[in-house]
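The chain contents come next:
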Amino acid sequence: MTLTSPGLLHGPADLSPDCAARLPGLRLQLTLHLLLAWPLVALAGAVLARWLGLPGWYAASAALCFLPVAGLSWLDLRQHTIHQRWGAANRITLLRGGLIALVGGALPLAPVLDRDQSWGVAVIAITALLLDGVDGWVARRRGLASPYGARFDMELDALLILLLCLLLALSGEVGAWVLGLGLLRPGFILAGKLWPRLAVPLPPSQRRRVICVVQVVTLAAAATPWIETPLTSVATGAAFALLLFSFAADTVWLIHHGRRADGFE
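Residues numbered from 1 in each chain as written. Predicted model: local features only at pLDDT ≥ 70, side-chain atom pairs only at ≥ 80, totals over all residues. Heavy atoms only, no water.

Some details on helix α1 (residues 17-52)
Then comes step 1: In this model α1 runs 52 Å from its N-terminal to its C-terminal C-alpha over 36 residues, within 8% of the 52 Å that 1.5 Å per residue would give.
Then comes step 2: The largest bend along α1 reaches roughly 30° and is located at Leu-23, with the proline Pro-24 sitting one to four residues downstream.
Then comes step 3: Every buried residue belonging to α1 is among Cys-19, Leu-23, Leu-26, Leu-30, His-33, Leu-34, Ala-37, Val-41, Gly-45, Leu-48, Ala-49 and Leu-52, and all of these are buried.
Then comes step 4: Of the surrounding elements, those touching the buried residues of α1 are α2 (58-73), α3 (88-104), α4 (115-131) and α6 (147-171).
Then comes step 5: The first or second residue beyond α1 is Gly-53, which carries a positive phi of 75°. (Helix = DSSP H or I, 4+ residues; strand = E, 2+ residues; numbered from the N terminus. Expected span 1.5 Å × (residues − 1). Bend = angle between axes of the 7 residues up to and from the residue. Buried < 20%, exposed > 50% of the residue type's maximum accessible area, 1.4 Å probe, protein only. Contact = heavy atoms within 4.5 Å.)

Structure follows, in structure tokens:
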């Protein structure tokens, strides 16, 4: 989990003939997985709605929120062409995406969620967090690790945090400023497109992993009745401060080392 890394993942500009030949097969495998996952998310949403007493349209809302997950699953698929199979690890990541869609489906209900419903949404978010790391372990164990899988995993982390920030803002628990926490990484990616030095891949960092976990746990806890105002704002503000520190540290590194790391020096 390296959500707080502003650097982007890069793949080879050109594929070898063998890798290029695998790309259509991977696209077909991904398409079939998405066609299966989408109705399963809707079904899970219907079951959850009945269990938690949510409106029936919550299932459709969750299915709609699966669309960005599906879109993210296509990013840099060509970087997975070192393998012939889409793989079990990516299936676990897609499972996380389904759970994240269930969290997003609750956004229209944010102002009216009761205690049990809030706990339900938070538990789903925490479950998605707990599965993070499992996909990477499976990929390494089965020899199916790739930059694509790492990117897919990272983008889902960012989506989960953004949805939790939206949930808190819409519920009125925290001011609209919390959206800055969820939009910081997308904003930095945009900045990297304008200033390529900020898009250079960063070295691995345990700091980023820890801060990402802290963010999700804090935001999920803040969305439950366990933490009430004004502690909600204090907790999310502290998570925001940690994220800003992490981005600042990586920005300084990129400014000083990005040119050399990108091969210009």
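Let us keep going from here.
With respect to the pattern of salt bridges
Then comes step 1: Under the definition given, this model contains eight salt bridges.
Then comes step 2: In this structure, Asp-250 and Arg-207 form a salt bridge, with 2.9 Å as the shortest nitrogen-oxygen distance. With Asp-250 in helix α9 (residues 231-261) and Arg-207 in helix α8 (residues 206-222), this residue pair connects regions lying 43 residues apart in the sequence.
Then comes step 3: Relative accessible area serves as the criterion here: at 25%, Arg-207 is assigned to the partly exposed category.
Then comes step 4: Through salt bridges that share partners, Asp-76, Arg-151, Glu-155 and Arg-185 make up one connected network. (Salt bridge = Lys/Arg side-chain N within 4 Å of Asp/Glu carboxyl O.)

Thoughts on unusual backbone geometry
Then comes step 1: Located in the positive-phi region is Asp-76, a residue other than glycine, with phi close to 60°.
Then comes step 2: Tracing the chain through its elements places Asp-76 in the loop between α2 and α3.
Then comes step 3: We classify Asp-76 as partly exposed; its relative accessible area is 25%.

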